[in-house]
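Letter by letter, the chains look like this.
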Amino acid sequence: MTITRDVYLTIREQPSSAATQQLEAEGWAVLERVFEVDEIAPLKREIETIYEALPGDLRNVRIDAEEREDFRYEMLNRSAFAQAAIAHSRILETIEPLLGEDCHVIANTCWRNPPRVQNQHGGGFWHIDAGPHVPRPAGVPWDDRIPYPIFAIGAHIYLEDCPIECGPTGVIPGSHKSGLAPPRERAMDPDLTWEGRGVHVMAARAGDVALFVSDVWHRRMPAGSADRGRFFLQCHYGRRDLAQRLRTTEEVNQLTAEAIARAQSPRERTLIGLHAPFFYDG
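Figured I'd write up the structure that's included with this text. All values reported here derive from a predicted model rather than from experimental measurement. (Residues numbered from 1 in each chain as written. Predicted model: local features only at pLDDT ≥ 70, side-chain atom pairs only at ≥ 80, totals over all residues. Heavy atoms only, no water.)

## Examining the pairing of strand β9 (residues 209-213)
With five of five residues buried, β9 is to be regarded as a mostly interior element. Pairing of strand β3 (residues 28-31) with β9 involves four bridges; the strand directions are antiparallel. If you follow Val30 over to β9, its bridge partner there is Ala210. Where strand β6 (residues 152-158) lies against β9, five bridges are found, and the strand directions are antiparallel. Residue pairing in the sheet places His156 in a bridge with Ala210 of β9. (Buried < 20%, exposed > 50% of the residue type's maximum accessible area, 1.4 Å probe, protein only. Helix = DSSP H or I, 4+ residues; strand = E, 2+ residues; numbered from the N terminus. Pairing = 2+ DSSP bridges.)

## Structural notes on the packing of helix α1 (residues 18-26) against helix α6 (residues 89-99)
One can describe the packing of α1 onto α6 by two numbers: an axis separation of 8 Å at closest approach and a directional angle of 45°. Considered as vectors, α1 and α6 are oriented oblique to each other. Between α1 and α6 the crossing geometry is right-handed. On the side of α1, the interface is formed by Ala19, Thr20, Leu23 and Glu24, while α6 contributes Glu93, Thr94, Ile95, Pro97 and Leu98. Within the contact of α1 with α6, the residues separate by chemical class into five nonpolar, two polar and two charged. (Axes fitted to C-alpha atoms, helices over the stretch in contact; angles between N-to-C directions. Parallel < 35°, antiparallel > 145°, perpendicular 65-115°, else oblique. Left-handed = near helix turned anticlockwise from the far one by under 90°. Contact = heavy atoms within 4.5 Å. Nonpolar A, V, L, I, M, F, W, Y, C, P; charged D, E, K, R; others polar.)

## Here we look at the sheet that holds strand β11 (residues 230-238)
Strand pairing in a sheet relies on backbone hydrogen bonds. The paired strands run either parallel or antiparallel. Strand order in this open sheet of six strands is β3-β9-β6-β11-β5-β4, and the pairing throughout is antiparallel. Looking at which strands have only one partner, the edges of the open sheet turn out to be β3 and β4 (71-72). Along the sheet, α1 makes contact with β3, β6 and β9, crossing β3 at roughly 150°.

## What about the side chain of Asn113?
The residue Asn113 is located in strand β5 (residues 104-113) in this model. On the basis of relative accessible area, Asn113 is assigned to the buried category, the value being 2%. A polar contact of 3.0 Å, which involves the side chain of Asn113, links it to the side chain of Asp70. The contacts of Asn113, once residues within four sequence positions are left out, are Asp70, Phe71, Arg220, Gly229 and Arg230. (Polar contact = N/O pair within 3.5 Å; in protein donor to acceptor, adjacent residues only side chain to side chain.)

## Thoughts on the sheet that holds strand β7 (residues 169-171)
Taking strand neighbours across the sheet as the criterion, the three strands line up as β8-β7-β10 in an open arrangement whose pairing is antiparallel. What marks the edges here is a single partner per strand, and that holds for β8 (200-201) and β10 (218-220). Where β7 and β10 come together, three bridges link them in antiparallel fashion. Paired with Thr169 across the strands is Arg220, a residue of β10.

## So, the packing of aromatic side chains
Throughout the structure, instances matching the rule amount to seven aromatic pairs. Judged by centre distance (5.5 Å) and plane angle (20°), the ring pair of Trp111 and Phe232 falls under stacked. Of this pair, Trp111 sits in strand β5 while Phe232 sits in strand β11; the two residues are 121 residues apart in sequence, bridging distant segments of the chain. As far as the burial class goes, Trp111 and Phe232 line up, both buried. (Phe/Tyr/Trp six-rings, centres within 6.5 Å; stacked < 30°, edge-to-face > 60°.)

## Notes on the side chain of Arg220
With respect to the secondary-structure elements, Arg220 resides in strand β10. The exposure class assigned to Arg220 is buried, which follows from its relative accessible area of 7%. A distance of 2.8 Å separates a polar atom in the side chain of Arg220 from the backbone oxygen of Cys166.

As structure tokens, this is what we get:
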């Protein structure tokens, strides 16, 4: 764990919460009852009005129009309740010892997945959100004398209960330290393991917050016959070094029109910061 001292990161010596320690060691943690029922209700209502008022964002061309309706992006710009929720002290006090006291929101998307047999973009296969941030060959273990660097943490703020039947997120504990992405040939295998450890399913109730490190192996688990869908506010927090991804670089950038016009090739565009949407963008 780290702390900012005189603008530089150093090893944190102060005690941290059990949830923070678990997040660092295991790659996941669930904070129970962060929000009471009377706090979740107005947040959910406001988000529902945003779904009614705004169409699905077209930024993700990899999925069809029907499934785009599941998502609404840059929620802190659209909802005062969402902005307040992602700043909850229990979330921040858990993640700041790992990301730094100056960490910020890099993406903030709401998910409302209806019951559906198959999703194009429902996170229903083993993946990581970014990284691995410290890639290594298979068989090279992490030296636990060194605090494992964590660059981004995802949070699911549950607006409705998400029991096993609804396909909550599952994680492979400890896999964020593997230095590897999940094996593609087992992307759909619910029995995937890492160093003998299988999936932990983060079932949750409305008001709970599930946290996971960006490069832990995770996926939406298969839903059951009683699937009612999922509804949660997702927020990704990143180190200060990581750029925000609330909007695409095509829409928000630090470039002049002249500089953009001069960038002709794909590499010239990415070099000046014009990236196609990918991790965290949609």
